[in-house]
Every structure is written in structure tokens, then in C-alpha cells.
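Secondary and tertiary structure notes
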Amino acid sequence: MKLLVVGGGGREHAIIRSLKKNPQVETIYALPGNGGIAADATCVPIGATEIDKIVAFAVENAIDYAVVAPDDPLVLGCVDALEEKGIPCFGPRANAAIIEGSKVFSKNLMHKYGIPTAEYAVFDQMDEALSYLDTAPIPTVVKADGLALGKGVIIAETREAAKTAVRDMMEAGVFGKSGSRVVIEEFLTGPEVSVLAFTDGKVVKPMVSSMDHKRAGDNDTGLNTGGMGTVAPNPYYTPEIAERCMKEIFLPTIAAMNAEGRTFRGCLYFGLMLTPNGPKVIEYNCRFGDPETQVVLPLLESDLLTIMRACTNGTLAETEAHFADKHACCVILASKGYPQSYQKGFPITMTEEAAQHTYVAGAKLENGQLLTSGGRVTGTTAIADTLEQAIREAYRISDGVRFENAYRRSDIGQRALQALK
Ligand code: AMP
Ligand code: GLY
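The following paragraphs examine the structure supplied in this document. Not measured: the values here are computed from a predicted model.

Thresholds applied
Residues numbered from 1 in each chain as written. Chains lettered and ligands numbered in written order. Predicted model: local features only at pLDDT ≥ 70, side-chain atom pairs only at ≥ 80, totals over all residues. Heavy atoms only, no water. Helix = DSSP H or I, 4+ residues; strand = E, 2+ residues; numbered from the N terminus. Rg over C-alpha atoms; globule rule 2.2 N^0.38 Å. Buried < 20%, exposed > 50% of the residue type's maximum accessible area, 1.4 Å probe, protein only. Contact = heavy atoms within 4.5 Å. Lys, Arg positive; Asp, Glu negative; His and termini not counted. Charge placed at Lys NZ, Arg CZ, Asp CG, Glu CD. Pairing = 2+ DSSP bridges. Axes fitted to C-alpha atoms, helices over the stretch in contact; angles between N-to-C directions. Near = heavy atom within 4 Å. Polar contact = N/O pair within 3.5 Å; in protein donor to acceptor, adjacent residues only side chain to side chain. Areas by Shrake-Rupley, 256 points an atom, 1.4 Å probe, with all protein chains shown as cover. Nonpolar A, V, L, I, M, F, W, Y, C, P; charged D, E, K, R; others polar. Salt bridge = Lys/Arg side-chain N within 4 Å of Asp/Glu carboxyl O. Parallel < 35°, antiparallel > 145°, perpendicular 65-115°, else oblique. Expected span 1.5 Å × (residues − 1). Phe/Tyr/Trp six-rings, centres within 6.5 Å; stacked < 30°, edge-to-face > 60°.

It is worth spelling out the overall build of the chain at this point. Within the chain one finds 14 helices and 25 strands. Over its C-alpha trace the chain gives a radius of gyration of 21 Å, about what one expects of a compact globule, namely 22 Å for 421 residues. Its C-alpha atoms give the chain principal-axis dimensions of about 60 × 45 × 45 Å. Looking at the chain residue by residue over its 421 residues, the buried ones come to 55%. If you take every contact in the chain between residues at least 6 apart in sequence, the share linking residues at least 24 apart comes to 68%. In the chain, the 41 positive side-chain charges and the 51 negative ones have mean positions that sit 1 Å from each other.

In C-alpha cells form, the structure reads like this:
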């Protein structure tokens, strides 16, 4: 089989490594991929949002199955466009990807179908948002409606900070069109859990839970990033909570999307907060999370391609999705300065062991040499019988990935470890 994977980060590298385990797979094209992915797939310089070019490439190369991994092509209708040409795909169509593409849509969906989430109000007029904030409970959370590279959420500790966030989004337009509508919502507290789930629109099969580490600095200090590391499973996500989430959140969400005529097929990501009043949805993503995928897929013992095709064909109920009863930890190496400005172009070296355990996110190949080209550069994952061992191994192996100005958090997994004790 000839596969195509749209995207070019650590998540896509992890997906490609898993897909490759299926002996039926002959070729995987990554569009655009990256310098590290080039070791595992044929990279083609077509951007993830160049939908017309992606479709033309898929047709010309007689692609048997396509996986669209990032949010923007999904929201832009990449799956719809490929399907129109008869190419089966993993990922939701645009009318379902809106569950991530518009926070107003997802909040209204949850409200309409009684799915637990933070209380909220929607504004498309700035003066109304500002006067609402005069009396809103503080802290409060201001969110841009549309996609904003994971930066469209501001936790405001004061009224003034909340108003500044509203002005930035609605007047200064720092997130472009994404911020022309805002959601202002209740500030929730509790441990966060990421649950990625396979779904064919009929049944939902949650993957092993995970915990992201979003802040740039140790002890959850500093700016929000795309994620500096992950562990799986998430110790806060007990079997009792999992059962409750299935009943109160996962199944109702699938049913709600069907009722709206927006059947979701693919990977649905539930960003959950375990509040004192039960689990609530913080956000939905219409795709695999990054770096969650870098701990979740290495634990998958069933065949990824088989599961993905079952999601497309509506046969997920009969398909096994089994995860190892082990622990995984992923440590991200980033360019110093990320998520703000940073230098790039530094040579990357890896020991053989590190290369086997490392997914490459922000790197390009130049004359055979891997050079840093992004904020998050690599993710190194270790699997072990205990969380403690997985953490220790992930750090030890990531010592074998070297480049100038490399930065990593030193406490990935520590909160999970505390929770276990
Ligand atoms: P998001 O970009 O939607 O993933 O949000 C980024 C982070 O903001 C989440 O991981 C949470 O830590 C935090 N957050 C979002 N919404 C809320 C909320 N209603 N209450 C508390 N924290 C929140
Ligand atoms: N790690 C969070 C995300 O993928 O959105």
C-alpha cells in the first residue's frame, strides 16, 4: 500500500513510525514531513495547507490511504477534497473538524447536549465583552473563537488583564479573524487529562490517557507552549473516572455530532479537567495531540493502519485497539527562547539509541546534515514497567540528542509521579 501523511512534526513522525509496522505498507509520503521524518518516509515539499497540491499529488501517485494529521488542513476540508477524488482518509471532514475550528461551535454544542464544560458567554461586540468583564468572576478565561496556534487562550487573574486580552483579540486583531469573536468562560481547577479517542462515528475507543506539560519552565512556570513533554497513562485518570467520561462526555459528544449532521470520524481529542464537580471538557481537538501522540502510539500494541481504516469504514466496533500495560514518558528538546524568538540552523547529532527513540519535529536536512529549524526540535520517548523508570530512561536517552542552545524541562512526569505516591 502507498500511504500519504499530511503534516511535518513530532506527531507525524510518531504516526509514520507506527504505520510502518504494518507489512502491507510499501511507501509512505510525508507532506511536507521534515529532515528527521526523511529517515522513515519520503518527504515531499508540499505544505500541509496546500490542499489542491496535496490532492493532485495523491491522485498522481495513486495513494491508497491518506492520514491528515494537523488541525488547519482538517478545518480547511483536506479530507473532503481527497475523498472527492476517491482517496480514503483518516480524519474528520470540515463540517466535523469545526469542533476544534470554532470554540463558539464547541461550547454551544456542549451546552445544547448537556456535556459538562465551563460556563461561558460569547461576544462578537467588543464593548459588550468589556462591560461583561466588569462583573464577571475573576480569574476568568478569554478564548479566541478560531484556530490560533494554541495561543488563543488567556487565563486572566485580574479584570484589567481580561480586558487587555479582549482588546488584543477584538481590536488589535493579534489572532486575525480567529479573534473577531471571543468566548469568556468560567475558570476551572483540577488536574488536566488528555484523552485521544478513535471513532468511526458509531463507537468510540479511547486510547491510553496522557498528561501534557504545556508551560515552558519547570514547575509549570513561564509561557504556554505546544507542549514540553508528556507521560502516559495519566495517574489521575482512574478507571472510575474513565467510565464516567465515557458516559457523560465521549458517547454524548459522538451522538451530538451525529445529531447535528456532522459525523466525526478520526481521532477526537478530549482535553479534560477533573474538577471538584466532576470531569469537564476544556477543549476538543479534531486530531491527535502533539506531544501526546509521542507517548500514546508507542504504547499501542494493535495495528494502527487497521484501526485507522476501521474508523474510515465504520467497522471500529469489530477492531481491536489494545494498549500495553506500561508507562511512557516523552521529553521535548526545544530551541532556547521558544515559544518566543530563538535561533535556528544548529547541527543536531544523535546516538544510535537516541535516534531509535526520538521523533523529530523542527529540523531540516542540508547536505545530509540535520539542522534545527523550529521551536520544538525533538521528542524522545521511553517505555518502561513503571513511570519512574520511563522518566529516568527518557531523560537518559535524550542526553544522546545534542544541538547548540537546546532546552528541556527537567521535571516531565514529576507531577504524575507525586500523584501515584
Ligand atoms: P487550550 O489552548 O484550549 O488547550 O487551553 C490552554 C490551557 O488553558 C489548557 O490546557 C488549560 O490549562 C487552560 N484553560 C483553558 N480553559 C480553562 C478554564 N476554563 N479554566 C481553567 N483553565 C483553562
Ligand atoms: N498538546 C496539545 C495539543 O496537541 O493541542
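Moving on, there is more to tell.
Next up on the list: the sheet that holds strand E9 (residues 182–186). Spatially, E6-E9-E7-E8 is the arrangement adopted by the 4 strands of the open sheet, whose pairing is antiparallel. Of all strands in the sheet, those with a lone pairing partner are strand E6 (120–123) and strand E8 (153–156), marking the two edges. With direction set aside, neighbouring strand axes in the sheet form an average angle of 20 degrees. Contacts from helix H6 (residues 103–113) reach E6, strand E7 (140–144), E8 and E9, with the element oriented near 140 degrees to E6.

All residues adjacent to ligand 2 are Asp212, Gly226, Tyr269, Asn285, Arg287, Gly289, Asp290, Pro291 and Glu292. Asp212 places a side-chain nitrogen or oxygen 2.8 Å from a nitrogen atom of ligand 2. Contact with the protein chains hides 88% of the accessible area of ligand 2, taken as 200 Å² for the molecule alone. Taken together, the residues of the shell around ligand 2 break down into 2 nonpolar, 3 polar and 4 charged.

Before going further, it helps to examine the pattern of salt bridges. Scanning all chains against the criterion turns up 22 salt bridges. Between Glu248 and Arg244 there is a salt bridge, and its shortest N-O distance comes to 2.9 Å. Pair noted here: Glu248 and Arg244 are both in helix H9 (residues 239–259), with a separation of 4 residues, about one helical turn. Residue classification places Arg244 among the partly exposed positions, given a relative accessible area of 37%. One salt bridge connects Arg408 with Asp399, and the closest N-O pair in it is separated by 3.0 Å. Assessed through its relative accessible area of 39%, Asp399 is described here as partly exposed.

If you check the shell around ligand 1, you find 15 residues, and the closest are Glu185, Glu186, Leu188, Glu192 and Glu283. Lys143 is positioned such that a nitrogen or oxygen atom in its side chain is 3.0 Å from a nitrogen atom of ligand 1. Computed on the free molecule, ligand 1 has an accessible area of 480 Å², of which 90% lies beneath the protein chains in the complex. Of the residues assigned to the shell around ligand 1, the class counts are 8 nonpolar, no polar and 7 charged.

A few words now on the packing of helix H7 (residues 126–133) against helix H8 (residues 159–172). It is at 10 Å that the axes of H7 and H8 come closest, and there the two elements cross at 170 degrees. The angle between the axes of H7 and H8 places the two elements in the roughly antiparallel class. Facing Met126, Ala129, Leu130 and Leu133 of H7, the residues of H8 in contact are Arg159, Ala162, Lys163, Val166, Arg167, Met170 and Glu171. Partitioning the contact of H7 with H8 into residue classes produces 7 nonpolar, no polar and 4 charged.

The next subject is helix H13 (residues 387–398). Its 12 residues give H13 an end-to-end C-alpha distance of 16 Å, which sits within 8% of 16 Å, the value for a rise of 1.5 Å per residue. Those residues of H13 that sit buried are Leu387, Ala390, Ile391, Ala394, Tyr395, Ile397 and Ser398. As for H13, its buried residues are in contact with strand E15 (229–232), strand E18 (327–335), helix H12 (352–357), strand E23 (376–384), strand E24 (401–402) and helix H14 (414–420).

The next point concerns the sheet that holds strand E3 (residues 42–43). The 5 strands are arranged E3-E2-E1-E4-E5 in an open sheet whose pairing can be described as parallel. Each edge of the sheet is formed by a strand with only one pairing partner; in this case those strands are E3 and strand E5 (89–90). Here strand E1 (residues 2–7) runs beside strand E2 (residues 27–32); their pairing, made up of 6 bridges, is parallel. By the bridge assignment for E2, Lys2 is matched with Thr27. Relative to E1, helix H1 (residues 10–19) is tilted by about 165 degrees, and along the sheet it contacts E1, E2 and strand E4 (65–68).

This part covers the packing of aromatic side chains. As enumerated under the stated definition, the model contains 8 aromatic pairs in all. With centroids separated by 5.0 Å and ring planes inclined at 50 degrees, the aromatic side chains of Phe123 and Tyr132 adopt a geometry described as tilted. Given a relative accessible area of 9%, Phe123 falls into the buried group. Centre to centre, the rings of Phe250 and Phe270 are 4.3 Å apart; their planes meet at 40 degrees, and the pair counts as tilted. Of the two residues, Phe250 sits in helix H9 while Phe270 sits in strand E16 (residues 266–275), which places them 20 residues apart along the sequence. For Phe250, a relative accessible area of 0% gives the class buried. Each member of the aromatic cluster is reached from another via a ring pair, and the members are Phe90, Phe198 and Phe288.

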